[in-house]
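Observations on the model geometry
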Amino acid sequence: MSELSNRELLVVVTLAGRRIALRSRDVQSVISLEVMTPVPCAPPHVAGLSGLRSRVLTVIDGCRALDLGECSRGAPGGAGSPAAVVMHEGHAYALLLDEIEDVTEAWNEPQPINAQMEGNWAAMSHGLVETALGPLLVADVGALIAGPQATLPPSVEAA
Amino acid sequence: MDELLEDFVVETREMLEALGGELISWEENPGDRARLDSIFRFVHTVKGNCGFVDLPRLEALSHAAEDALADVRAGRRSADAALVSAVLAVVDRIGDMVDAIEAGETFPEGGDEALKAALEPAAAPVVTLVPATPPPISGPRTAQPQRSIRIPVELLDKVMSGVSDMVLARNELARRLREGAVEPQVHEPFERLSAIIAEVREAMTRTRMQRIESLFSGLPRMVRDLAAELGKQAHVDIAGNEVELDREMVEIIRDPLTHIVRNAIDHGIEHAPLRRLAGKAEIGRLSVSARQSGNKILIDIVDDGRGIDETRLLEKAVIAGLVDEAQAARMSRNEAFELIFEPGLSTAETVTAISGRGVGMDVVRANIERIGGAIEIDSTPGLGTRMTLRVPLTLTIIPAVTVGIGNQRFAIPRSSVEEIIHLADGTLEIDEVGGAMLARIREHRVPCLMAAQVLHVAADEPLSDDAARPVIVLRHAGGGHFALIVDQVFGHEELVIKPAAPAIIATGLYAGTTLTDDGHPILLLEVSGIARAGGLRTDALERRDRLEEAPAQPRRTTSVLLFTGLDGIRRAMPMGVLDRLEEVGPEAIAMEGDRRLVVIRDCILPLAGIEDMPLEAALDGNGVLRLLRLADGQNEIAYAVREALEIREIDADAIAAGGAEHEDAVVLVDGLATQVVAPYRLFARHSRTPSRIVRPVCRLPADDAWIQNFVRPMVEAAGYRVVETDTPDEADLAILPHDGGGAPAAPPHGPAREVIRLRTEPGSPEPGDSSIYRYDQAALMGALRRHAGRA
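These figures come from a predicted structure and were not determined experimentally. (Residues numbered from 1 in each chain as written. Chains lettered and ligands numbered in written order. Predicted model: local features only at pLDDT ≥ 70, side-chain atom pairs only at ≥ 80, totals over all residues. Heavy atoms only, no water.)

**Looking at the overall build of chain B**
This is how it is decided: Only runs of H or I of at least four residues qualify as helices and only runs of E of at least two qualify as strands under DSSP, and these elements are numbered from the N terminus. Three labels apply to residues, based on accessible area from a 1.4 Å probe with only protein chains included: buried if under 20% of the type maximum, exposed if over 50%, partly exposed otherwise in between. For this analysis, residues touch if any pair of their heavy atoms sits within 4.5 Å. The Shrake-Rupley method, run with a 1.4 Å probe, gives the accessible areas here. Residue values count only the displayed protein chains as cover.
When helices and strands are counted, chain B shows 24 helices and 33 strands. Looking at chain B as a whole, 46% of its 791 residues qualify as buried. For chain B, the proportion of contacts with a sequence separation of at least 24, taken over those separated by at least 6, is 65%. Summed over its atoms, the accessible surface of chain B is roughly 39400 Å², and 52% of this surface lies on carbon and sulfur atoms.

**Overview of the nonpolar core**
The following threshold applies: Only buried Ala, Val, Leu, Ile, Met, Phe, Trp, Tyr and Cys residues count toward a nonpolar core, and they belong to the same one when joined by side-chain atoms within 4.5 Å.
Leu22 of chain A together with Ile405, Ile412, Leu455, Phe482, Leu484 and Tyr510 of chain B are the most contacted members of the largest nonpolar core, which totals 59 residues. Sort the elements by how many residues they give to this core and helix α2 (residues 141–146) of chain A lands first, with 4 residues. If we ignore the near neighbours within four places in the chain, the residues touching Ile405 of chain B are Phe410, Ala451, Ala452, Leu455, Val457, Val486, Asp487 and Leu525 of chain B. With 43 residues, the next largest nonpolar core counts Leu257, Ala290, Val364 and Ile375 of chain B among its residues.

**A look at helix α6 (residues 153–179) of chain B**
All names here are of chain B. Basically, it comes down to this: How far a helix is expected to stretch is found by multiplying one less than its residue total by 1.5 Å.
With 27 residues, α6 should reach 39 Å at 1.5 Å per residue; the first-to-last C-alpha distance of 39 Å fits that figure. For α6, every residue scored as buried is listed here: Leu156, Met160, Val163, Ser164, Val167, Leu168, Asn171, Ala174 and Leu177. Considering only its buried residues, α6 is in contact with α7 (184–207) and β17 (510–515).

**Topic: the interface of chain B and chain A**
Applicable threshold: When two parts are brought into contact, each loses some accessible area as probed by a 1.4 Å sphere; the total of that loss over both is the buried area. Counted as salt bridges are all cases of a side-chain nitrogen of Lys or Arg within 4 Å of a carboxyl oxygen of Asp or Glu.
Contact with chain B, which involves 27 residues of that partner, is made by 19 residues of chain A. Counting each side, the surface lost to burial between chain B and chain A is near 1700 Å², with a carbon and sulfur contribution of 71%. Contact with chain A buries area across many residues of chain B, yet Gln408, Ile504 and Pro521 of chain B alone supply 26% of it, more than any other trio. Where chain B touches chain A, the interface holds 0 salt bridges.

**Considering the pattern of salt bridges**
Residue and element names in this part refer to chain B. Using the criterion set out here, one finds 34 salt bridges over all chains in the structure. Among the ionic pairs, Arg221 bridges to Asp92, the shortest N-O distance being 2.5 Å. Placement of Arg221 in helix α9 (residues 219–230) and of Asp92 in helix α4 (residues 81–103) is noted, with a sequence separation of 129 residues between them. Judged by its relative accessible area of 12%, Arg221 is buried.

**Points about the packing of aromatic side chains**
For any pair of aromatic rings, the description consists of the separation of the ring centres together with the inter-plane angle of the planes. All names here are of chain B. Put simply, the rule is: Centres within 6.5 Å make a pair out of two Phe, Tyr or Trp rings, where for Trp the six-membered ring is used; the pair is then stacked when the planes are under 30 degrees apart, edge-to-face when over 60, and tilted otherwise. Any Lys NZ or Arg CZ found within 6 Å of a ring centre and within 35 degrees of that ring's normal is scored as a charge over the ring.
Summed over the entire model, instances satisfying the criterion amount to 1 aromatic pair over all chains. Ring geometry for Phe563 and Tyr639: centres 5.5 Å apart, planes at 75°, overall edge-to-face. Of this pair, Phe563 sits in strand β19 (residues 557–565) while Tyr639 sits in strand β26 (residues 636–651); the two residues are 76 residues apart in sequence, bridging distant segments of the chain. Its end group placed over the ring of Phe490, Arg409 keeps NZ or CZ at 4.3 Å from the ring centre.

**Thoughts on empty space enclosed by the protein**
Residues and elements named next belong to chain B. What counts here: A 1.4 Å probe that fits into a set of points on a 1 Å grid over the protein atoms alone but cannot get out defines a cavity; an open set with protein on both sides within 12 Å along at least five of seven lines defines a pocket, and lining residues are those with an atom within 4 Å of a point. Grid points are joined across faces, edges and corners, and a volume is the space filled by probe spheres set on the points. Three residue categories are used. Nonpolar comprises Ala, Val, Leu, Ile, Met, Phe, Trp, Tyr, Cys and Pro, charged comprises Asp, Glu, Lys and Arg, and polar comprises the others, including Gly.
The full count for this structure, using the stated rule, is 2 cavities of 30 Å³ or more. By volume, the largest cavity is sized at about 80 Å³. What lines the largest cavity is simply Ile319, Trp706, Phe710, Val711, Met714, Arg774, Tyr775, Asp776, Gln777 and Leu780. For the lining of the largest cavity, the secondary-structure elements that each account for two or more residues are α23 (705–717) and α24 (777–790). For the lining of the largest cavity, the element with the highest residue contribution is α23, accounting for 4 residues. In terms of residue class, the lining of the largest cavity is made up of 7 nonpolar, 1 polar and 2 charged.

**Observations regarding unusual backbone geometry**
Residues and elements named next belong to chain A. In this structure, Ala16 is a non-glycine residue whose phi angle is positive, near 55°. Relative to the helices and strands, Ala16 is located in the loop between β1 (9–15) and β2 (18–23). At Asp67, a position not held by glycine, the phi torsion is positive, near 65°. Turning to its location among the elements, Asp67 is positioned in the loop between α1 (62–65) and β6 (82–88).

**Re the sheet that holds strand β7 (residues 91–96) of chain A**
Residue and element names in this part refer to chain A. Put simply, the test is: One bridge is not enough; two strands pair if DSSP finds at least two bridges between them. An axis is simply a line fitted to the C-alpha atoms; with a helix, the fit covers only the stretch in contact. Between two such axes, the angle follows the N-to-C directions and lies from 0 to 180 degrees.
Taking strand neighbours across the sheet as the criterion, the 5 strands line up as β3-β6-β7-β5-β4 in an open arrangement whose pairing is mixed. A single partner strand is all that each edge strand has here, and the edge strands are β3 (27–32) and β4 (46–52). On average, adjacent strands in this sheet sit at an angle of 30° to one another, irrespective of strand direction. Here β6 pairs with β7 via 6 bridges, running antiparallel. Bridge pairing in β7 links Ala84 to Leu95.

**Topic: the sheet that holds strand β33 (residues 772–773) of chain B**
Residues and elements named next belong to chain B. With respect to topology, 5 strands assemble into an open sheet ordered β30-β29-β31-β32-β33, the strand pairing being parallel. Of all strands in the sheet, those bounded by a partner on one side alone are β30 (721–724) and β33. Note that strand β31 (residues 731–737) and strand β32 (residues 752–759) share 6 bridges and pair parallel. When the sheet's bridge partners are listed, Ala734 is paired in β32 with Val755.

**Looking at a negative patch on the surface**
Residue and element names in this part refer to chain B. Inclusion rule: Note that patches include only residues with greater than 30% relative accessible area and no salt bridge, and the join distances are 9 Å for like charges and 5 Å for nonpolar side chains (Val, Leu, Ile, Met, Phe, Trp, Tyr). Counting rule for charge: Lys and Arg are taken as positive, Asp and Glu as negative, and neither His nor the chain ends is counted. For the purpose of locating charges, the reference atoms are NZ of Lys, CZ of Arg, CG of Asp and CD of Glu.
Among the surface-exposed residues, Asp2, Glu3, Glu6, Asp7 and Glu11 lie close enough to one another that they form a single negatively charged patch. In this fold, Asp7 is placed in helix α1 (residues 3–28). Asp7 sits in the partly exposed class, given a relative accessible area of 39%.

**Focus on the confidence of the model for chain B**
Residue and element names in this part refer to chain B. What counts here: The quantity known as pLDDT measures the predictor's confidence residue by residue, on a range of 0 to 100.
Summary statistics for chain B give a mean pLDDT of 77 and a share of 83% for residues scoring 70 or more. Element-level pLDDT for chain B is lowest in helix α19 (residues 539–549), with a mean of 40, against a maximum mean of 91 in strand β18 (residues 521–525). Overall, residues 123–143 carries pLDDT values under 50, and its contacts beyond four positions in sequence, including any with other chains, amount to 20 contacts. Overall, residues 658–662 carries pLDDT values under 50, and its contacts beyond four positions in sequence, including any with other chains, amount to 9 contacts.

**Remarks on the pairing of strand β23 (residues 595–600) of chain B**
Residue and element names in this part refer to chain B. Most of β23 sits out of view: 5 of its 6 residues are buried. Sheet topology note: the strand β22 (residues 589–592)/β23 ladder contains 4 bridges and is antiparallel. Looking across to β23, one finds that Glu592 is bridged to Arg595. In this structure, the hairpin formed by β22 and β23 is closed by a connection of 2 residues, where Gly593 is found at a positive phi of approximately 60°. With 4 bridges joining them, β23 and strand β24 (residues 603–608) adopt antiparallel strand pairing. Looking at the pairing, Ile600 lines up with Cys603 of β24. Two successive antiparallel strands, β23 and β24, enclose a turn made up of 2 residues, where Arg601 displays a positive phi of approximately 50°.

**Quick word on the environment of Gln327 of chain B**
With respect to the helices, strands and loops of the structure, Gln327 of chain B is situated in helix α13 (residues 325–330). Sequence-wise, Gln327 of chain B and Leu314 of chain B are 13 residues apart; in three dimensions their C-alpha atoms are separated by 9.6 Å.

**Description of the packing of α9 of chain B against helix α10 (residues 247–268) of chain B**
All names here are of chain B. For clarity, the cut-off: With the far helix as reference, a near helix turned anticlockwise by less than a right angle produces a left-handed crossing, and one turned clockwise produces a right-handed crossing.
Contact pair α9 / α10: the axes reach a minimum separation of 10 Å and the direction vectors enclose 35°. Crossing handedness for the pair α9 and α10: right-handed. Listed contacts from α10 to Leu219, Met222, Val223, Leu226, Ala227 and Leu230 of α9 are Leu257, Thr258, Val261, Arg262, Ile265 and Asp266.

**Focus: the pairing of β7 of chain A**
Residue and element names in this part refer to chain A. Burial within β7 is extensive, with 6 of its 6 residues counted as buried. Side chains of β7 alternate between two faces, with His91, Tyr93 and Leu95 and Ala92, Ala94 and Leu96 buried alike. In terms of strand pairing, strand β5 (residues 55–60) meets β7 through 3 bridges, oriented parallel. Bridged to Ile60 within β7 is Leu95. Hairpin connection, β6 to β7: the antiparallel pair is bridged by 2 residues, and Glu89 has positive phi, about 50°.

In structure tokens:
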């Protein structure tokens, strides 16, 4: 992963009750969701739709994607929840978060983790980085959006 | 490429495109001053521009054309067909050279002098074609083109989304103004701002629109060239140039439209003599028109050609394995026409460079459906074919009906909505039959779905009174109808549709997303997907099932040409093998051994229908021998007739019956006994492969149903006598299924001199494997003929 330089900026957030990192270049902005429209019959990790000015955001429930069950939310239905706005393959998504904490720098490239992680974390993360805030797991936003059915085998990204 | 050159290429190409129609109009009426002027302006502009970008060859060419046209304008010379062709050739060359410049290639040297020489006045005096009438005083064509600039589409999209944001901000502001006590003087500027935003939005929407003219202007030229290449005469009428549609849409439908027009000329329009016989004008007419109907643009492509031969189409579909014979027999006309869109089926008699072999209509349909459009086909044998393309006006803004399902709002494309009825209206009844709901609307009964159930949503407070519920009658992509019960209808809105994320599209229930004016997302329902999710069958599925259940359909017909033979007997020739009509003098007839041959231009064809009759008796009063020219895709023969009568539809089974042993089938047409010519036997007897007295023998396995059902008729038609596997007869040929693997062992079931093996896999076989793909009719026929000739 040469493009992940030592100085990679990370957004430190809480997702599924854990402190993790998102690569700042994956994140367009951080917002608080105003509205939330459910999408009947959509896969469970698609929490619904939200609007950001004239754009429609597809809201991704990270807990469901990771198969970690229901996460605690601000308001019922997810409105008012903090979220990271992510562009992926031409579509705009909002990744639901518990909390947005900080911005920090990665000291090294993500390293593979040779331990059993809970849920789908193995397939939905780039690996572990060291930061001033301690070791952080870097989430793979594309894998979270794709959801549990389409996960890549672990270590492909981290290798 | 430097910028100046790039501009030159783009500008020249645009002018060429706009010029396409003018050239043909001018050719038809060389006295048309307005057309002459616009062509003159083109070559003049090209010449001028060439000076800037240093293209001496192009400059010299356009200069020569300009000189010739200037002479015509000044009345020193008249526009004749030779000049028109010469100018067209120069215009083509300019186009080719511009293509080469764009591709960065060097255009091959030479050829320019011949083009320039062709522009010189002919030595012989030319009949003046310029009518005495004065040129038209003025016309919209002479209007100055609008000034325009080029901007990238991304920039346009950015501005567009900025305008959308502006509208939302305005709405938010309006809400705050209503809620808060704002000073009245704020209201007036706000109203003005609103009006301006609405205007800008409207204008921005229009920037995406383009006149369909840019799509149509190339057609006259294409039709002219194509018809000339095929030796046909055709004229195209264009209507609806002023219709506007999304510029991206214009590009998407360009290829499908071109393909359909090419098909119409190649397969639809007949050669002039056949047209005359059918009582039509010699010049085939093609009409291409566009009109707006609601939020759709309808493009009609209508030809007055031979129409689609349903019987032949079904035969091909059976041979190609798309349907079996039983299904084919039960198909309705429209179902048969639908087969045209199946991959790998072409109605072309012979494969031509123009329309290719069965790659096309399936792709055409896929392209049109990809943008939410549809394609319809209607054809009357002998009278012509109509294709209708329905495409959405724009990719982004569609009129929709917004409805409430559960406690959520959804949108349904207005184009799918047939009507909205309230249960309380009394025009509608809903019955439950075996757990399924059926709605009776006036005298029609359609399946009925509960939207909330299909989407698995529940209202917080279910409506207690079902009678208050609206029912929306929808049309799905397969053309069928169904009723959808929703909880509420809010109204009609124009919605800016945005593509939905893949995970949402994957549900099959939604076509896109949109935002209300107050920023709430709404899902656009995919009507066919809703029907499928509700367990209803749409399109292809429905067709298959209907075929299996349907009772026997009425008889099938096929077109034949009625004629009187030289022996005075009334006969019918299947149109499928009829290529054209010819007339020759006695000098065209030659003898080869005891066979008669006829020379038509550069072809020598075997002559049938004349038997042993003296040649003098075969000629008509003017010393002319009338011939039907027949082709089966492999061979051509000429068939002498006394008189060609008319084209008629007869029962298709009569043709099949004609394939039996010796005699031609006799059918009644208008109460007169008419012999139906069996073309296969005719070809077997008269093709230039040596004729034979003894019929070749072909051995077919009795236990192979496929070979017995499909191959056997072809074998018999090719003139073979068929024997079963267990007879000891010496056979000339055996046809066996290919068992795959190494060298085939000697046929275990009886002697045969040659063996054809049919393999089930398409594609090229391994070296040394001479087997034939079992659906490759042409190869099989070829092999049958070859072996018949050798035996």
